[in-house]
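# Structural characterization, general
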Amino acid sequence: MTAAIELADRDGLDAVSMRRVAEYLRTGPASLYRHIAHRDELVTAMVEHVTAAFDYPDPAGLDWRECMHVLARQDWTAFLTHPWLLTATTTVTPPFGTASLAAMEWALTALGELRLPPHEAARAIMTINNYVQGTARVVLGQPREGAEPDPGRSWQDRLHDTDLRSFPRLRALIAEPLPDGDRNWFEDGLDVILDGVQARRRGEQR
């Protein structure tokens, strides 16, 4: 399993096949088939291995927002460390094993204090997952080394010398100074989503 993950980290998920993993291990494919039936099973096991490497804390010791930050930060770290996970977990039939299901159960349990209908809680988690995946794709897809990861600063850099006189609102946005120093832009964006979740909870209680 470690060999397959190392291969995917180096060359991407498309490079992972039973034959390539066997070559990486300097053995024959037949030896792998005694443990893994096919490539899809291999990818599922890879996702499981990475997911199981993270221990989620007891949600009883955190409020729901803190838990959602833990969930998002774990996915964020996993995607940046193993970019192939973005492909593996966003297919039409994503791989779900015991560790993945346990992570979903943890997230649903953490949202229990909001007393949302199950489909609303699931929608909140899906929205958070989509936010993390989309943001990770942007950061991983930066065209040049050392590019600014903060989206706000990146926009300012890219549009600094652009004539925006025909776009007054965009011009004002780009001219607005951002806070000095590092911003928690990832967490700030997540909090926008969580504010919406909290607002929907209030709506449900009316």
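See the structure above.
On a predicted model such as this, the values are computed, not experimentally measured, just so you know. The residue numbers shown here count from 1 along each chain, following its written sequence. Restriction of local features to residues with pLDDT of at least 70 applies here, the model being predicted, together with a cutoff of 80 or more for giving and counting side-chain atom pairs; totals for whole chains, interfaces and linings are based on all residues. Remark: hydrogens and water are excluded; side-chain values derive from all non-hydrogen atoms of the structure.

### Some thoughts on unusual backbone geometry
Formally: Going along the chain from the N terminus, every DSSP run of H or I of four or more residues is numbered as a helix, and every run of E of two or more is numbered as a strand.
With a phi angle near 55°, Arg115 is a residue other than glycine that sits in the positive phi range. Structurally, Arg115 can be placed in the loop between helix 7 (98-110) and helix 8 (118-140).

### Things to note about helix 2 (residues 18-25)
Put simply, the test is: For every residue, the accessible area (1.4 Å probe, protein chains only) is compared with the maximum for its type, and the residue is labelled buried under 20%, exposed over 50%, or partly exposed between those bounds. Each direction from the helix axis to a C-beta atom contributes to the arc, which is the arc of those directions.
Among the residues of helix 2, Met18, Val21 and Ala22 are the ones counted as buried. Buried residues of helix 2 fall within an arc of 100° about the axis and therefore sit on the same side. Just downstream of helix 2, Arg26 is the residue with a positive phi angle, here 55°.

### Thoughts on helix 7
Formally: Each helix should span, by expectation, one fewer than its residue count multiplied by 1.5 Å. Note on definitions: a residue-residue contact is assigned when non-hydrogen atoms from the two residues lie within 4.5 Å.
With 13 residues, helix 7 extends 18 Å between its outermost C-alpha atoms, agreeing within 8% with the 18 Å of an ideal straight helix rising 1.5 Å per residue. All of the buried residues in helix 7 are Ala99, Ser100, Ala103, Trp106, Ala107 and Ala110. One side of helix 7 holds all its buried residues, which, seen down the axis, span an arc of 120°. The exposed set on the far side of helix 7, more than 90 degrees from its buried face, consists of Thr98 and Glu105. For helix 7, the secondary structure elements touched by its buried residues are helix 4 (39-52), helix 5 (64-81) and helix 8.

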